[in-house]
Amino acid sequence: MAAEPSLPALKAEIQAFVHGPARAWGEHIEASGRLPDGVWDELNARGFLRLAAPVAYGGLGLSFPAYLEVFEAFAHMHGSLRVIVHVCNGLWRALAYAATAEQLERVVKPFVAGQRRVTFTLTEPDSGGGTDLRTTARREGDTYVLNGQKWMIIFADVADDFLVFCRLAGSRGADGTLALLVPRDAPGLEIRPMAPAMGVTGTQHGHLVFRDCRVPVANRLGEEGQGLAVAFNGFLDPSRIGVAMTCVGLAARALDLAVLHARQRVTFGKPLADRQTIQMWVGEMATDIEAGRQLALQAGRVWAAAAESEASGAVAREGHQGANPAGGAALANRPSASAWAAMAKLYCADMLQRVTDKALQIHGGIGYFRCSEMERVYRDARMLRFEEGTAEIQKLVIAREWLK
Ligand SMILES: Cc1cc2nc3c(=O)[nH]c(=O)nc-3n(C[C@H](O)[C@H](O)[C@H](O)COP(=O)(O)OP(=O)(O)OC[C@H]3O[C@@H](n4cnc5c(N)ncnc54)[C@H](O)[C@@H]3O)c2cc1C
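Rules of the game
- Residues numbered from 1 in each chain as written.
- Predicted model: local features only at pLDDT ≥ 70, side-chain atom pairs only at ≥ 80, totals over all residues.
- Helix = DSSP H or I, 4+ residues; strand = E, 2+ residues; numbered from the N terminus.
- Rg over C-alpha atoms; globule rule 2.2 N^0.38 Å.
- Buried ≥ 20, exposed ≤ 12 C-beta atoms within 10 Å, placed from the backbone.
- Contact = placed C-beta atoms within 7 Å.
- Near = placed C-beta within 6 Å.
- Nonpolar A, V, L, I, M, F, W, Y, C, P; charged D, E, K, R; others polar.
- Domains from an automatic or database assignment.
- Axes fitted to C-alpha atoms, helices over the stretch in contact; angles between N-to-C directions.
- Parallel < 35°, antiparallel > 145°, perpendicular 65-115°, else oblique.
- Left-handed = near helix turned anticlockwise from the far one by under 90°.

Visitor: Just checking my understanding: could you explain the overall build of the protein chain for this structure?
Guide: Across its full length, the protein chain holds eleven helices and nine strands. Since a compact globule built from 404 residues should have a radius of gyration of about 22 Å, the 22 Å found for the protein chain is in line with a globular shape. Looking at the protein chain residue by residue over its 404 residues, the buried ones come to 47%. Contacts in the protein chain between residues far apart in sequence, at least 24 positions, make up 73% of those at least 6 positions apart.

Okay, structure coming up:
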């Protein structure tokens, strides 16, 4: 196995990029409302889109915990840049989860190399997602015929393929779910651009309509009935931990900005930093961020251990035991890696709201204006309460383990 690259050197390289070229890009995006041409190619050329993929697939081969450590710094960037790094470093897992040898060559390796862009396509306008999926596939020979809709799909303007989660017509629950790779030029697929979002300026989202859309059976990843396993085990669980780490990084940026402002702004003859109220808030923010960071890192370690066990066939993912303060045979299987991921996402997204709210308050009214980076951070932060599922959905995932 190839040796892991030096983390301190990689971190320094990322920091230099984030506080150099990426800062200028972020300002350009906010001013123009568009991603500059060449952003994807530049991120790819620097190797930032394949940090976490295994060396065998063409990636750098960072372990998941090591990736999380370096990934935090990317969250100091503009949200539209961070999300490209996040999706590319995670989606290969869903693509590879149940890929055949032929699909590894045709789909996974070109994705890791940045030659093919794929986007995760789950959310629907008329269902609750997961087992509530309504988009259907009907098999006709060596083709699936899709009908339904997906929306809020990121990168819909640039994706070569959509990784679509749907179900066999007439199936219910997790049974019959499918993961299908739908090319953007598939007959019967209409891609409608959506209105710009509140934050992550410059990133386009799409509303996809499938009307008797024909997709080769060869584009199915995994078996019929494995669709949700590809979505959740392959992508959503580690992605939730990545989103948790995004929250940590963005909150740390908000704290940096607040501290800078508190030192500079003088009211009634004293810098804000000398006021006890501001000191209390800074103490709370720093503690909240560190608690989130440790939870995200722990979730990452548990997920990585579970994935390794699963790969070696020793322990099923559901049966993996993380730190279990309650102990006892009946409780031995919880929290699972999925529950750790949900806990990290839940806590860190809430933490980010608390921290950005205080950071904006420290800025006073000027922080509410577009000339302040704090204004952009606040808007980008709000999106993270939706990415990879809301707080309510995370709580359901966690509670299910305690109540089942
Ligand atoms: C900027 C942006 C980009 C996105 N990109 C993508 C993408 O690329 N691909 C993709 O597939 N999705 C994407 N999404 C969708 C995102 O994952 C969803 O918005 C999110 O999971 C919430 O689902 P929903 O919008 O359907 O909310 P709904 O399911 O309509 O929920 C509305 C509210 O009701 C609550 N609720 C729903 N069901 C329950 C329940 N059973 N019990 C209790 N409360 C409940 C929710 O927590 C929420 O607060 C994106 C969203 C945004 C904002």
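Picking up where we left off.
Visitor: Explanation requested: the site of the ligand in the structure shown.
Guide: In the neighbourhood of the ligand, 18 residues make up the surrounding shell, with L122, T123, I154, T390 and E392 lying closest. Considered class by class, the residues forming the shell around the ligand number ten nonpolar, seven polar and one charged. Two domains share the shell around the ligand, each providing at least three of its residues, namely domain 2 (118–219) and domain 3 (227–403).

Visitor: Just to check I follow, could you spell out the packing of helix α1 (residues 7–18) against helix α4 (residues 64–74) for this structure?
Guide: A pair of packed helices can be characterised by two numbers: the angle between their axes and the separation between those axes. Their axes nearest at 9 Å, the elements α1 and α4 cross at an angle of 20°. Taken as axis vectors, α1 and α4 run roughly parallel relative to one another. In the packing of α1 onto α4, the handedness of the crossing is right-handed. Along its contact with α1, which presents L7, L10, K11, I14, Q15 and V18, the element α4 presents A66, E69, V70, A73 and F74. Partitioned by chemical class, the residues of the contact of α1 with α4 number eight nonpolar, one polar and two charged.

Visitor: Please explain the domain arrangement of the protein chain as it appears in this structure.
Guide: By a frequent convention, interface size equals the accessible area lost on bringing the separate parts together. For the protein chain, the domain assignment lists domain 1 (7–97), domain 2 (118–219) and domain 3 (227–403). Where the side of domain 1 that touches domain 3 is concerned, the elements lending two or more residues are α4 and α5 (79–97). Looking at the side of domain 1 that touches domain 3, the element that brings in the most residues is α5, giving eight residues. Residue composition of the side of domain 1 that touches domain 3, grouped by class: ten nonpolar, five polar and four charged.

Visitor: Is there a simple way to explain the packing of helix α9 (residues 337–363) against helix α10 (residues 373–383) in this structure?
Guide: Look at α9 against α10: their axes get within 10 Å of each other, and the N-to-C directions meet at 160°. Considered as vectors, α9 and α10 are oriented roughly antiparallel to each other. Relative to α10, α9 is oriented so that their crossing is left-handed. Facing L352, Q353, T356, A359, L360 and H363 of α9, the residues of α10 in contact are M374, V377, Y378 and A381.

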